[in-house]
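# A look at the structure
This is what each chain is made of:
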Amino acid sequence: MLGLKINELQMWTQQDLETTKVFMFDMKSEVFLWIGKRALQQDKALAREFAIKYVKDNPEQRSIDSYQITEIHENHDTRLFRSMFPGWNRTLVPILKIPC
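Okay, the overall build of the protein chain next. Tallying secondary structure elements over the protein chain gives two helices and three strands in all. Listed N to C, the secondary structure of the protein chain is β-β-α-β-α in terms of helices and strands. Taking all contacts inside the protein chain whose residues are at least 6 apart in sequence as the whole, residues at least 24 apart take part in 56%. On the protein chain, roughly 7,100 Å² of surface is accessible, and the fraction owed to carbon and sulfur atoms is 54%.

This is the structure:
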């Protein structure tokens with residue numbers, strides 16, 4: 001998938017979320033795509049494609065027909081999503097990294 005950069009995080013915090021990025025979290029029962037407000041449309045589309053392919057190709061033999069991929073948009077986080085981040089701070093604004 002051209003243009004999609006994937007990094008695996010073993011541990012993550014709320015501070016890892018960047019407003020210009022899309023993040024995928026595999027919680028075994030479902031996959032969450034967290035979509036930053038300033039993420040590019042192309043990145044959003046590529047992340048959606050990747051999530052579907054990921055579930056289909058996952059060694060745990062999950063079925064895309066019975067498996068949920070949930071999109072979480074910045075500032076519209078669900079209680080379940082926030083529970084993955086101990087000490088979630090509702091006032092924390094996702095960062096905007098500017099390349100030097």
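After that view, the rundown keeps rolling.
A few words on the pattern of salt bridges. Overall, the coordinates contain two salt bridges when judged by the stated rule. With its nearest N and O atoms 2.5 Å apart, the salt bridge here joins Glu-71 to Arg-48. Residue Glu-71 is located in strand E3 (residues 68-73), and its partner Arg-48 is located in helix H1 (residues 41-57); the two are separated by 23 residues in the primary sequence. For Arg-48, a relative accessible area of 30% translates into the label partly exposed. In this structure, the salt-bridge partner of Asp-57 is Lys-53, at a minimum N-O distance of 2.5 Å. With Asp-57 and Lys-53 both in helix H1, this residue pair falls four residues apart, about one helical turn. Look at Lys-53 and you get partly exposed, because its relative accessible area is 45%.

If you check H1, its first and last C-alpha atoms are 24 Å apart, about what 17 residues at 1.5 Å a residue would give, namely 24 Å. Residues of H1 that are buried include every one of Lys-44, Leu-46, Ala-47, Ala-51 and Val-55, and no others. What you see down the axis of H1 is that its buried residues fit within an arc of 165 degrees, all on one side. Away from the buried face of H1 by more than 90 degrees, exposed residues Gln-41, Gln-42 and Lys-56 are located. Tucked inside the fold, the buried residues of H1 contact strand E1 (22-26), strand E2 (30-35) and E3.

If you walk through the whole model with that rule in mind, you get 10 aromatic pairs. A ring pair is formed by Phe-25 and Phe-85, whose centres lie 5.6 Å apart and whose planes are at 80 degrees; its orientation type is edge-to-face. Placement of Phe-25 in strand E1 and of Phe-85 in the segment after helix H2 (79-82) is noted, with a sequence separation of 60 residues between them. Look at Phe-85 and you get buried, because its relative accessible area is 3%. With a centroid separation of 5.3 Å and 65 degrees between ring planes, the pair formed by Phe-85 and Trp-88 is classed as edge-to-face. Put simply, the rings of Trp-12, Phe-23, Phe-25, Phe-32, Trp-34, Phe-81, Phe-85 and Trp-88 pair up and form one aromatic cluster.

The next thing to look at is the environment of Asn-75. In this fold, Asn-75 is placed in the loop between E3 and H2. Note on Asn-75: relative accessible area 48%, which makes it partly exposed. With 39 residues separating them along the chain, Asn-75 and Gly-36 place their C-alpha atoms 8.7 Å apart.

Cut-offs applied
- Residues numbered from 1 in each chain as written.
- Predicted model: local features only at pLDDT ≥ 70, side-chain atom pairs only at ≥ 80, totals over all residues.
- Heavy atoms only, no water.
- Helix = DSSP H or I, 4+ residues; strand = E, 2+ residues; numbered from the N terminus.
- Contact = heavy atoms within 4.5 Å.
- Areas by Shrake-Rupley, 256 points an atom, 1.4 Å probe, with all protein chains shown as cover.
- Salt bridge = Lys/Arg side-chain N within 4 Å of Asp/Glu carboxyl O.
- Buried < 20%, exposed > 50% of the residue type's maximum accessible area, 1.4 Å probe, protein only.
- Expected span 1.5 Å × (residues − 1).
- Arc of directions from axis to C-beta.
- Phe/Tyr/Trp six-rings, centres within 6.5 Å; stacked < 30°, edge-to-face > 60°.

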